[in-house]
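Here is how the chains run, residue by residue.
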Amino acid sequence: MAGYIFKRLLSAIPVLFGITLIVFLIMAMIPGDPATAILGSYATPENVAKLNRDLGLDAPLWQRYFIWLGNMLQGDFGRSFALNRPVLDEVIERFNATLILAGTAFILCSLLGVIAGVVSAARQYGFADKAITFAVLLGISIPSFFLGMMMVLLFAVNLKWLPVSGMYAIYGGGDLPDLIRHLIMPATALSVVAIGVIARLSRSAMLEVLRQDFIRTARAKGVHEFGVIWRHALKAAMVSIIPVLGIQAGFVLSGAVYIEMVFQWPGVGRMLVDAILKRDILLVQGGVVFVAACYVLFNIIVDVAQSMLDPRIKT
Amino acid sequence: MRQFFALLFRNRLAAAGAIVMAIVVVLALLTPVLPLADPDVTNTGDRFIRPFSDGHLLGTDHLGRDLLSRLLWGTRLSLAVGFAAALIAATIGSAIGIIAGYFGGRTDNIIMRGVDMLMAFPYILLALAIVAALGPGLFNALIAVAAVNVPFFARNIRGITVSIAHKEFVDAARLSGMGDMRIILSEVLPNVIPVIVIAMSTTIGWMILETAGLSFLGLGSQPPQADLGSMLGEARSALITNPHTSIVPGAMILVIVMAINLLGDGIRDALDPRLKSGALSRPKPATLVDKNRTEMPPGDPEALLSIRDLRTEFRIKDKIYKAVGGVDLSVRPGECLGIIGESGSGKSVTALSVMGLVSSPPGIITAGSVAFKGEELVGASYKTLRAYRGDRVAYIFQDPLATLHPLFRIGDQLTEAITSHHAIPKKEANQRAIELLRAVRIPNAESRAKSFPHELSGGMRQRVGIAMALANDPDVIIADEPTTALDVTVQAQILALLNDLRRERGLAIIFITHDFGVVAQLCDRVAVMYAGRIVEEGDSADILGNPVHPYTSRLMACVPELGGGKRELEAIPGLPPVVNNLPAGCAFAERCANRQPQCTNQEIELIGTGSRSVRCLFPEKSLVEDRELQ
Amino acid sequence: MNTAVHVENLSKSFVVGKRLLGPPKGIVKALHPLNLDVEKGETLGIVGESGCGKSTLARMLVGLLEPTTGLIEISGEPLQNTDPALFGRKIQYVFQDPVSSLNPRKTIRQIMEAPLVHLHGLGRDERARRISEIFEMVSLREEFLDRYPHEFSGGQAQRIGIARALTADAQVIVLDEPVSALDVSVQAQVLNLLADLKRQLNLTYLFISHDLAVVEAVSDRIAVLYFGSIVEVGTAAEVFSSPRHPYTKLLAESAPVVGRPLKAPENAETELPDPLDPPTGCAFRARCRNAIAECAASSPSLEGPANHQAACFNPLS
């Protein structure tokens, strides 16, 4: 196992390089003089000169890439001109907030999605299946930001059960119960689409597995139907569900951008959108690389979980 | 194509989706000619007019612009962008996927590594990066959404292409002299297109959501131009005071995406051949039993297992396949009964019907009785069936790789067979599992118990299958072609093992096979099945030495036997009948040399004397006499 | 020139577990270098169990797989590149699974026309004439031409597969388990059809099967494959009446036969050796009762008179 994890970590290195290269190339598509383009409205002569020095912007493209990469490897992601602070500090602070929101939503959607999918498959064409299928369809069709807005209208404005927005109350908040009260709506709104996708996939994976010969073997042995569904079938279905959980984690992280806008959540998504609108390119670049790298590491965890489940993937 | 639309519209939800979508598309197309206010003209005096007011059916927004007009123009734009993005992503992604999948090797490796890199981003980061580079704007958002979805298509289509490129018909096309390009276009592409269509129809809604999302963030369409996402984004600040400005575009997105998803699911279902055959339904824990069946008193009280007039059908759409059409059989303690027949003869279905293991739907038992020691099992509760399954009546199946659970250790699969029926401590069950592995002569039983099925060879796996059947010392074992998937040298080992075990333990076995040699070596009695019915039954030595039904004798003659040298074989003309359209009378008559008019105009009974019976009006008596003369 | 197929030193190795850097995890020798000659008009039966390399051999013979080493000559002409179109005119292939060898989205006519267009460049009328000629030979009705493959049973589909192989007008046909997917009562029909066609068209067959009895019924000569090598080859009569390699004997005794009592022909619970870690010397020695010290030391090569050779240090009889 340790060997597998090590190997998997090793194989992440080229992917991380690839990510930086892709981001760099996309950013190189910006037309015009790079320093002026990157700085946008902050392009004062001093700033341009400093950036040119830091990033060697007069150098050829590939040299610039390695300078940028070398700086990043030393923890220097550059400086946000709009916020006037180091990119990395800002990104880490914002990413914490995103992690709380997206992590909660991810746990929520994994659990509910898989359970809904299994129940739906076990009761195929029954009432529970039809109800879940309809709810799922609604879930994957509603834009999460619209759902969030409607939740605010209902639960915050009309019923006054939950706070409208933010992460902590401005006065007197800051403790865990306060965080949870602020978290309920955004995490729910964020998880709805993913619950739908995971439930759908779990249902079809379960149906696929339930037709397999080894399920008939389990039944022929006299295993109780509960064990057939939740032990034999679900374990086999998890082999195709787990990779989708990995992909859905990316979708939850993506959806967080909208939800952070709706609920004024101080996360990295809102930071990125603000940065794009203010043309704070270095902040965008650093934020994208940092979050993508975290996602790559998360996918390693997913792969390790998969290899623990399925003995056929060794080496 | 007609069939496709018929299938699509039979699905009521998909039809509803199609209708809603048609209305939306027509409205979007007609928008320029409809008598609407200019969507972009501001009139701050009329801001936030409520819906259903004069002149503004849906009210106005924060700049006093007519919401209905903006909604229709916005829908038009959102649809166009969504479709365009889907089309671009599908075309580029599929092309990449097909090339990678077809050529394989290095090409595949390089392309797929690139795709993996792109998929290593949470998709929105990539989209945001692209928009950041190109600048906000609807066209740039379209490029971003399309680009982000290319890897999804590429990966999906590559997988399908790989499986098609390895099909034998592609090899056949090569041998027909076709080049790579021609094979891709004429052999691979037609088989991939349904998958592309499915992938597109199920992601188009998603693309509309994504573009709306970018516009919502202010990165897509720029004011004053309206699309649904930007309408929602602009309305957000007035959400609490004037919710209608948010609800109108939001509800529209919901309606459009939902209609597209319904339609997409319908298209997927109509194109997926597995769904047509009903193969994706979940088999129930026990085979369905027709409630209106004619009940049958249990047969032979002395028998361990007695089957009377068993009928099992498969109901697939409007067709009824009568897989088992009235079978009578019984097994006594310690006896080995062979059931022999070709594929589709109903031999396996008969065996699976005993413990209600026929997949249902589409299987259903419509009549007859199966009694174990006098207790009726057809129509018995699931609880009763489960209590017998694996405890008194155990099964061995054909392909041991598919029939063992791939993710459980074989020791655990064995202990589960025991603990499902007997509450004994785990340690004791483990000990018993190891004894069972020894009983089927698996070397190093202790360490083998910790292996997973894929770590064993085919023969070893089938030994595990046998050990599992023995777990609770059952009275009857039903073996459904247990050696068909094995090589002959391994088959010989397994048959010898089964034979030893049955003599040691006094087991009754029902052995299903298509091989006369196996029957001759293992079985005391044999029943020959054809088109769902028993055509001949008796002691196996007797039947094999002296077949009376023309089918049995012709079938035996057409199997080449070792030692005969190069020769012309005796063939049976024609094909076995399809069981959804059985002829009247004898099902074999069409292929039979002894056929007379009587054969096809009446039911033919299974009649016999003593241990021997046959379902034939003109059995091969001459043959019998010949043998007796010799 | 009476040799239809001449194979020299033909072998195939597969690389397992390719890595980006460094050597691969292992090399599996699917087929050890082998020599083979098939006379014009002859049927050579190739027998072996799963994993013995018989399909690898077949795919190389028709150019679908590139050999690692060796030379293939069909009718005296060497074919070294893997352009199936070049092979296609000289040697054709009948697949094991008749249904998956027909493209589900093409009509039978389109499938039948492909070799005529791409290999022979025939015009429309000529193609129609040729197809009806061949359909006549394999006794298929011409109304089938406008149907799709899923409408046919296995036996009919295999007839179509044979008909397609005939349209290429090749003199040699490789039959890869052509009847093992078919029902017993249909097998005999197809085998008899193949025999008829061979007589009429003076074809040469390489008939590959795991079923000894079927091979015996159709073959003039027989080659027995075990673990990627030919262990015995000779005229059918010789090989079956007095097998010299212990494996051939085991194979013959394992097939269940009416009238012979059941006994396990071998006690050891052994099966094929691990291809990633092949044993030294003779691959069969672990299962062999006649094994002697020499068997572990080196691999035996085929020896004996031309009509019956065996690769064994301690042959039977």
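Keep in mind it's a predicted model, so treat the numbers as computed, not measured.

Rules behind the numbers
Residues numbered from 1 in each chain as written. Chains lettered and ligands numbered in written order. Predicted model: local features only at pLDDT ≥ 70, side-chain atom pairs only at ≥ 80, totals over all residues. Heavy atoms only, no water. Helix = DSSP H or I, 4+ residues; strand = E, 2+ residues; numbered from the N terminus. Rg over C-alpha atoms; globule rule 2.2 N^0.38 Å. Buried < 20%, exposed > 50% of the residue type's maximum accessible area, 1.4 Å probe, protein only. Contact = heavy atoms within 4.5 Å. Lys, Arg positive; Asp, Glu negative; His and termini not counted. Charge placed at Lys NZ, Arg CZ, Asp CG, Glu CD. Pairing = 2+ DSSP bridges. Buried area = accessible area lost by both parts, 1.4 Å probe. Salt bridge = Lys/Arg side-chain N within 4 Å of Asp/Glu carboxyl O. Polar contact = N/O pair within 3.5 Å; in protein donor to acceptor, adjacent residues only side chain to side chain. Axes fitted to C-alpha atoms, helices over the stretch in contact; angles between N-to-C directions. Parallel < 35°, antiparallel > 145°, perpendicular 65-115°, else oblique. Nonpolar A, V, L, I, M, F, W, Y, C, P; charged D, E, K, R; others polar. Left-handed = near helix turned anticlockwise from the far one by under 90°.

Caption draft 1: Representation of the overall build of chain B within the structure. Scanning chain B from terminus to terminus reveals 23 helices and 13 strands. The C-alpha radius of gyration of chain B comes to 34 Å, more than 25% above the 25 Å expected for a compact globule of 630 residues. Along the first, second and third principal axes, the C-alpha atoms of chain B reach 110 × 65 × 60 Å. Taking all 630 residues of chain B together, 58% fall into the buried category. Within chain B, residue pairs in contact and separated by at least 24 positions form 69% of the contacts whose partners lie at least 6 positions apart.

Caption draft 2: How the structure looks around the overall build of chain A. Within chain A, the secondary structure is distributed over 12 helices and 2 strands. Put simply, chain A runs from its N terminus to its C terminus through helices and strands in the order α-α-α-α-β-β-α-α-α-α-α-α-α-α. Across its three principal axes, chain A shows a C-alpha extent of roughly 80 × 55 × 35 Å. By the burial criterion, 55% of the 315 residues in chain A qualify as buried. Within chain A, contacts between residues at least 6 apart in sequence are counted, and of these 71% link residues at least 24 apart. Taken together, the 25 basic and 19 acidic charged side chains of chain A have centroids lying 12 Å from each other.

Caption draft 3: Focus on the sheet that holds strand β5 (residues 77–78) of chain C. Residues and elements named next belong to chain C. Taken in spatial order, the 4 strands of this open sheet run β2-β1-β4-β5, and their pairing is antiparallel. Two strands lie at the open edges of the sheet, namely β2 (26–39) and β5, each paired on one side alone. Pairing between strand β4 (residues 69–74) and β5: 2 bridges, direction antiparallel. The residue bridging I74 from the neighbouring strand is E77, located in β5.

Caption draft 4: Representation of the interface of chain B and chain C. Each partner contributes to the interface: chain B provides 65 residues, whereas chain C provides 68 residues. Summing the contributions of chain B and of chain C, the shared interface buries around 5300 Å²; its carbon and sulfur component is 57%. Taken together, the links from chain B to chain C amount to 3 salt bridges. As a salt-bridge pair, R59 of chain C and D171 of chain B come within 2.7 Å of each other at their nearest N and O atoms. Seen at the junction of chain B and chain C, the total is 23 residue pairs in polar contact (both at pLDDT 80 or more). Secondary structure elements with two or more residues in the side of chain B that touches chain C: α7 (168–175), α8 (180–216), α18 (458–470), α19 (488–505), α20 (516–522) and α22 (550–558) of chain B. When residues of the side of chain B that touches chain C are assigned to their parent elements, the largest contribution, 9 residues, is made by α19 of chain B.

Caption draft 5: Structural detail: the pairing of β4 of chain C. All names here are of chain C. Relative to β4, strand β1 (residues 3–16) runs antiparallel, the two being bridged by 5 bridges. When the sheet's bridge partners are listed, H6 is paired in β4 with E73. Counting the residues that bridge the hairpin from β4 to β5 gives 2 residues, and of these S75 lies at a positive phi of roughly 50°.

Caption draft 6: Spotlight on the environment of I91 of chain C. Residue and element names in this part refer to chain C. Tracing the backbone shows I91 in strand β6 (residues 91–94). Owing to a relative accessible area of 0%, I91 belongs among the buried residues under this scheme. As a C-alpha pair, I91 and Q171 span 80 residues in sequence and 6.3 Å in three-dimensional space. Leave out the neighbours within four places in its chain, and I91 touches L61, V62, I74, A170, V172 and V174.

Caption draft 7: How the structure looks around the packing of helix α10 (residues 225–263) of chain A against helix α12 (residues 281–309) of chain A. Residue and element names in this part refer to chain A. Contact geometry for α10 and α12: axes closest at 10 Å, N-to-C directions at 175°. Considering the angle they form, α10 stands roughly antiparallel to α12. For the pair α10 and α12, the contacting residues are K235, M238, V239, I242, P243, G246, I247, A249, G250 and L253 in the first and V291, Y295, F298, N299, V302, Q306 and L309 in the second. Taken together, the residues that form the contact of α10 with α12 break down as 12 nonpolar, 4 polar and 1 charged.

Caption draft 8: A look at the interface of chain A and chain B. Each partner contributes residues to the interface: chain A has 78 residues there, and chain B has 78 residues. Where chain A touches chain B, the interface holds 4 salt bridges. Where chain A packs against chain B, one counts 22 residue pairs in polar contact (both at pLDDT 80 or more). Per-element accounting of the side of chain A that touches chain B gives the leading share, 16 residues, to α10 of chain A. Residue classes in the side of chain A that touches chain B are distributed as 55 nonpolar, 10 polar and 13 charged.

Caption draft 9: Broad picture of unusual backbone geometry. At the junction of S360 of chain B and P361 of chain B, the peptide bond is cis and its omega measures out at -5° in the coordinates. Inspection of the secondary structure assignment puts P361 of chain B in the loop between α12 (347–354) and β5 (363–372). Going from P361 of chain B to P362 of chain B, the amide bond is cis rather than trans, its omega being 10°. Tracing the backbone shows P362 of chain B in the loop between α12 and β5. In the Ramachandran plot, Q264 of chain A falls in the positive-phi region, its phi being about 55° despite a non-glycine side chain. Looking at the element boundaries, Q264 of chain A is found in the loop between α10 and α11 (268–277). At R441 of chain B, a position not held by glycine, the phi torsion is positive, near 60°. Among the secondary structure elements, R441 of chain B is positioned in the loop between α16 (426–439) and α17 (445–448).

Caption draft 10: Region of interest: the sheet that holds strand β11 (residues 533–539) of chain B. Residue and element names in this part refer to chain B. Reading across the sheet, the 8 strands line up as β7-β8-β9-β4-β10-β11-β13-β12 and stay open at both edges, with mixed pairing between neighbours. At either end of the open sheet lies a strand with only one pairing partner, and these are β7 (393–396) and β12 (607–609). Along the sheet, successive strands turn relative to each other by an average axial angle of 20°, direction set aside. Across 3 bridges, the pairing between β12 and strand β13 (residues 612–614) is antiparallel. Residue pairing for β13: G608 is matched across the bridge by S613. Docked against the sheet, α18 engages β7 and β8 (476–480), running at close to 175° with respect to β7. Sitting on the sheet, α22 touches β10 (525–530) and β11, and the angle it makes with β10 is about 95°.

Caption draft 11: Molecular detail of the packing of helix α5 (residues 87–122) of chain A against helix α8 (residues 176–210) of chain A. Residue and element names in this part refer to chain A. Close contact between α5 and α8 brings their axes to 5 Å; oriented N to C, the two are set at 35°. The handedness of the crossing between α5 and α8 comes out as right-handed. In terms of residue class, the contact of α5 with α8 is built from 22 nonpolar, 8 polar and 1 charged.

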